[in-house]
Amino acid sequence: MHSLKDLKLIAMPGVREVSVPYLKKLVIRNMPNLECCTCANLDLLSSCLEVLKITKCRKLTSFQVLQVLPPHCEEKTWLPNMNKLKVHSCPHFIVSCPFPPSAELSKVSVSIVGVLAPPAIEMRKHWPLFTIKSYEWSVSNDDTVAFNNLTSILNFRIINCPNLVYVSFEALSQLMSLQSLEIVDCPRLLWPQMMLEEACEGKTKFPSITHLSIVSSSMLGDPLLLPCTQSEQLTVNDKPSTFSCPVEEQSNHLSLLYISSTTTTATTESTRNGPILFHMPHLLYTYVKKLHISDCPNLVFCSRKVGFAGFTSLEELTVTRCPKLRMPMVHEGVSDDHIGGRFLLPPLLNQFETDNLSEKLQLYFPENHTSLRRLSVWDSPSLICLQLHSCTKLEELEIFNCKNLCTLGGLTFLSSLKIMKLARNPKLSTSWEFDSQDQQGTGDQAGDLSILSGLEWLETDDFSVLTMSFFKHLNSLRHLTLSSSRSYWRVVRLSEGQGRVLQKLTHLQELRFLCCDDLLVLPEQLHCLSSLKKLEIGYCPGILRLPEEGLPLLSLEELETRGCTEELNRQCRLAATEKLKVLIDGKVCRV
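The following paragraphs examine the structure supplied in this document. (Residues numbered from 1 in each chain as written. Predicted model: local features only at pLDDT ≥ 70, side-chain atom pairs only at ≥ 80, totals over all residues. Heavy atoms only, no water.)

**Remarks on the overall build of the protein chain**
Assigned secondary structure in the protein chain consists of eight helices and 37 strands. Counting all 591 residues of the protein chain, 50% fall into the buried class. Working note: accessible area of the protein chain is about 26,200 Å², and carbon and sulfur atoms make up 51% of it. (Helix = DSSP H or I, 4+ residues; strand = E, 2+ residues; numbered from the N terminus. Buried < 20%, exposed > 50% of the residue type's maximum accessible area, 1.4 Å probe, protein only. Areas by Shrake-Rupley, 256 points an atom, 1.4 Å probe, with all protein chains shown as cover.)

Written out as structure tokens, the structure is:
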């Protein structure tokens, strides 16, 4: 037996006890009546064992190698050469030693029960992630996790631990390579004074951490206090009565802050309708570059005078389903009866995404200094007027599902606009046409819409824009997407005027018809688009054929259909050549 290095015991229902020699690999699987595993020399077996797999041993209660520290082992490194460990479906087996047993583990998967047992654990060295999931644990510290064996771990997760109330940040600070810490669905987890003292004493220094995520971990009504001293990214998904974040000077590494509220635990139900105050130390206002806030309907700023404009380094802002946080804020000394309020934004802001806006809104930047390049406005049924006069550097504009928006002011100031995406805004095109006529007649507020001549990408579900006066100035248009929703428009075919305008888009390279439910025919003028390289037809059930005049075969390189009729697909297959690539529902047609 001294030469035996590899032992597998599988499906032996009559065996109740096994004594194993010192091995390198031990596999025990599907032993329904096995109760005890013993070894003659615990020290020797612990030092030799490299691979251990125990599965489906439902009566197993005792195995010394996972329950007793060898007498001569180094502290908390009780299986020094172990590199693969798997323990599954052993419901009565309790591990008394902290996990993982070795720093050399390349893969560990443990799923057993017991107050002191390691919970569901996943660890892979090639993808350095350590995950804990437990219904029993109430404390996570050096007695339950061998943090000294996790110094190379980059990502540490504690998920779905309903009884966890304490995490030792002093123990976590041993993870010198840690880049990401996530605590998810731990509703009893508290941040008591003793934990905050650890943070203040400098015991939470993570030299490499860039991402801290706290998701649905109820604070039982207490303020949410997070030791995020050096994080570049902080994710908070909870509903505390106050949001605040104590920091030290090292907080200048924080660049992304994400806040969302989806907690449904009973402890937060009582405060669900109360106000939630948004407050952060001044230092974070200086260094945060990305801020995402969602699903916080009662979240409000502690000081409306500062608002988002106080984030002096902010480059990216997303605010969704937070109507009270995004109410218009009037700059001191400034009033505007027509707009009713100016929404103050930081001067370095590059991207802004938001929804559920109030009736009238003008984006405003202190001292008219703007860096805004991308603006997205979604799902704002109350929005009537949106003024963009201050957005002089805007390159991309997206407006979706604003059914009452009828005034889009300041278009003539958008000389840098390259991309415009518009959908489900039925009153908007009427406003544009009025502005265009107004600029031809009186020349006042509309100005010269030829300033949009730099537009390269246009997506719209309103075919009427093709015949609006400003469209004739789109000499640089490279991409055009036309869609149609039965909710607002029923388009059967392009009018003669719309076809003539389409024919003049000599620089157009991509043309897409998407979700045009009622469109029956494609424009006959397609063959005149001398620069067209790609034509896409997606989910247009009424189109049965290609245009009789054909396609611009000299320039066209790709023809694609998705969710279309078999008749149209058949014609497209016949059009395939070595030069023209044809795709039907994602599959390339052979020539």
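**Looking at the sheet that holds strand 25 (residues 360-364)**
Across the sheet, which stays open at both edges, the four strands sit in the order 23-25-27-29 with parallel pairing between neighbours. Of all strands in the sheet, those with a lone pairing partner are strand 23 (342-344) and strand 29 (407-409), marking the two edges. Between one strand axis and the next, the sheet turns through 20° on average, direction left out of account. The pairing of strand 23 with strand 25 spans three bridges and is parallel. Among the inter-strand pairings, Phe-343 is bridged to a residue of strand 25, identified as Leu-363. (Pairing = 2+ DSSP bridges. Axes fitted to C-alpha atoms, helices over the stretch in contact; angles between N-to-C directions.)

**What about a positive patch on the surface?**
Judged by side-chain charge, Lys-8, Arg-29, Lys-53, Lys-56, Arg-58, Lys-84 and Lys-86 come together as a positively charged surface patch. Positionally, Lys-84 belongs in strand 7 (residues 84-88). Overall, the relative accessible area of 39% leaves Lys-84 in the partly exposed class. (Patch = residues over 30% accessible without salt bridge, like charges linked within 9 Å, V, L, I, M, F, W, Y side chains within 5 Å. Salt bridge = Lys/Arg side-chain N within 4 Å of Asp/Glu carboxyl O. Lys, Arg positive; Asp, Glu negative; His and termini not counted. Charge placed at Lys NZ, Arg CZ, Asp CG, Glu CD.)

**What about the sheet that holds strand 2 (residues 17-20)?**
Adjacent strands of a sheet pair through backbone hydrogen bonds, lying either parallel or antiparallel. Strand order in the open sheet formed by three strands is 2-4-6, and the pairing between neighbours is parallel. Where the open sheet ends on each side, the last strands, each with one partner, are strand 2 and strand 6 (62-63). Here strand 2 runs beside strand 4 (residues 36-39); their pairing, made up of four bridges, is parallel. Bridging across to strand 4, Glu-17 finds its partner in Cys-36.

**Considering the pairing of strand 34 (residues 534-538)**
With four of five residues buried, strand 34 is to be regarded as a mostly interior element. Looking at chain direction, strand 34 and strand 35 (residues 558-562) are connected through five bridges and run parallel. Counterpart to Ile-537 in the pairing with strand 35 is Thr-561.

**Looking at the pattern of salt bridges**
All chains considered together, the criterion is met by 14 salt bridges. Between Glu-548 and Arg-545 there is a salt bridge, with its nearest N and O atoms 3.9 Å apart. On the basis of relative accessible area, Glu-548 is assigned to the exposed category, the value being 68%. Its relative accessible area of 30% is what places Arg-545 among the partly exposed residues.

**Remarks on the nonpolar core**
Counting 83 residues, the largest nonpolar core has Leu-363 and Leu-480 as its most contacted members. Here this core takes three residues from strand 33 (residues 510-516), the largest share from any one element. In contact with Leu-363, not counting residues within four places along its chain, are Phe-343, Leu-345, Phe-352, Leu-372, Leu-375, Gln-387, Leu-388, Ser-390 and Cys-391. Residues Leu-45, Leu-49, Leu-60 and Leu-79 belong to the second largest nonpolar core, which totals 29 residues. (Core = buried A, V, L, I, M, F, W, Y, C linked by side-chain atoms within 4.5 Å. Contact = heavy atoms within 4.5 Å.)

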